[in-house]
Amino acid sequence: MEIEELVIRHVQPCDIPESEVEAPRELFSTVRDLNKWCEALLNGMILSPESMEKMFTPYLSVSFDPSLKYGYGWFLGHDFRLFGGGTPGFRSEIWQFPNET
């Protein structure tokens, strides 16, 4: 399945009121599908360039590491971006190194 198909097939508006949307929830995925999602997200296929810029703009410093900042959902280091989460017994993280090819 191409990334465009994945986005169209799986990213649809929903009728759930924002007040009922919570995190964290469990995410069930395969590594391949999560990679497709990351490629689509980080290559501007899901969010506008303006939203991407906001997402990766450092807004806050975090108390546990003064060199680490926080954007919209992402931890922002000097040369990396990190999104992670977990539940007791499980943890997953997405690391991106934007300056590496």
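Peer 1: For this particular structure, what's the right way to read helix α2 (residues 31-42)?
Peer 2: Each α-helix winds once per 3.6 residues, and so residues spaced three or four apart point in a common direction. Between its first and last C-alpha atoms α2 spans 16 Å; for twelve residues at 1.5 Å apiece the expected length is 16 Å, and the two agree. C38, A40 and L41 are the residues of α2 that are buried. Buried residues along α2 cover an arc of 165° about the axis, so they all sit on one side. Turned more than 90 degrees away from the buried face of α2, the exposed residues are V31 and R32.

Peer 1: Explain the nonpolar core here, please?
Peer 2: For soluble globular proteins, the rule of thumb is that nonpolar side chains tend to be buried together. Grouped together as the largest cluster of nonpolar side chains are eight residues: C38, L41, M52, M55, F56, W74, L76 and I94. Listing elements by their share of this core, those giving two or more residues are α2 and α3 (49-55). Those residues in contact with F56 that sit more than four places away from it in its chain are L42, W74, L76, R81 and Q96.

Peer 1: Which parts of the structure should I look at to understand the confidence of the model for the protein?
Peer 2: Low pLDDT marks regions whose predicted coordinates should not be analysed in detail. Residues at a pLDDT of 70 or more form 72% of the protein, whose mean pLDDT is 78. For the protein, per-element mean pLDDT is lowest for helix α1 (residues 3-10), which scores 48, and highest for strand β3 (residues 75-76), which scores 95.

Peer 1: What's the story with the side chain of Q96 in this structure? I'm lost.
Peer 2: Within the secondary structure, Q96 is located in strand β5 (residues 90-96). What Q96 contacts, discounting residues up to four positions off in sequence, is L42, F56, D79, F80 and R81.

Peer 1: It is not clear to me how the sheet that holds β5 should be interpreted in this structure. Could you clarify?
Peer 2: Sheet strands pair by backbone hydrogen bonding; their relative direction is either parallel or antiparallel. Read from one edge of the open sheet, five strands run β1-β2-β3-β4-β5, paired in antiparallel fashion. Looking at strand neighbours, the two that pair on one side only are β1 (60-62) and β5, the edges of this open sheet. As paired strands, β3 and strand β4 (residues 81-87) are joined by two bridges and run antiparallel to one another. What sits directly across from L76, in β4, is R81.

Peer 1: What is the right way to read the packing of aromatic side chains from this model?
Peer 2: Here the distance between the centres and the angle between the planes together describe a pair of aromatic rings. Under the defined criterion, the tally for this structure stands at eight aromatic pairs. On the numbers, 4.9 Å between centres and 20° between planes, the contact of Y59 with Y72 is stacked. Of the two residues, Y59 is situated in the loop between α3 and β1 and Y72 in the loop between β2 (65-70) and β3; the sequence distance between them amounts to 13 residues. The partly exposed category is assigned to Y59, whose relative accessible area is 41%. With a centroid separation of 5.0 Å and 40° between ring planes, the pair formed by F80 and W95 is classed as tilted. On the criterion of sequence distance, the pair formed by F80 in the loop between β3 and β4 and W95 in strand β5 is long-range, its members being 15 residues apart. W95 gets classed as partly exposed once you look at its relative accessible area, which sits at 42%. One aromatic cluster is present, built from ring pairs that chain together F56, W74 and F83.

Scoring rules and cut-offs
Every chain is numbered independently, its residues counted from 1 as its sequence is written. Local features in this predicted model are restricted to residues whose pLDDT is 70 or higher, and side-chain atom pairs enter the listing and the counts only when it is 80 or higher, whereas totals over whole chains, interfaces and linings include all residues. The basis for the side-chain values is all heavy atoms of the structure; hydrogens and waters are excluded. Comment: elements are numbered from the N terminus, with helices defined as DSSP H or I runs of at least four residues and strands as E runs of at least two. Each helix should span, by expectation, one fewer than its residue count multiplied by 1.5 Å. Exposure is judged per residue with a 1.4 Å probe applied to protein chains only, and the accessible area is read against the type maximum: over 50% gives exposed, under 20% gives buried, and values in between give partly exposed. The arc refers to the directions leading from the helix axis to the C-beta atoms. Here the nonpolar core consists of buried residues drawn from Ala, Val, Leu, Ile, Met, Phe, Trp, Tyr and Cys, with membership extended through side-chain atoms lying within 4.5 Å. In what follows, residue pairs with any heavy atoms lying within 4.5 Å of each other are defined as contacts. What pLDDT conveys is the predictor's confidence in a given residue, as a value from 0 to 100. Paired strands, in this sense, are two strands between which DSSP finds at least two bridges. To pair, rings of Phe, Tyr and Trp, with the six-membered ring standing in for Trp, must have centres within 6.5 Å; the planes then decide the type, stacked if under 30 degrees apart, edge-to-face if over 60, and tilted in the middle.

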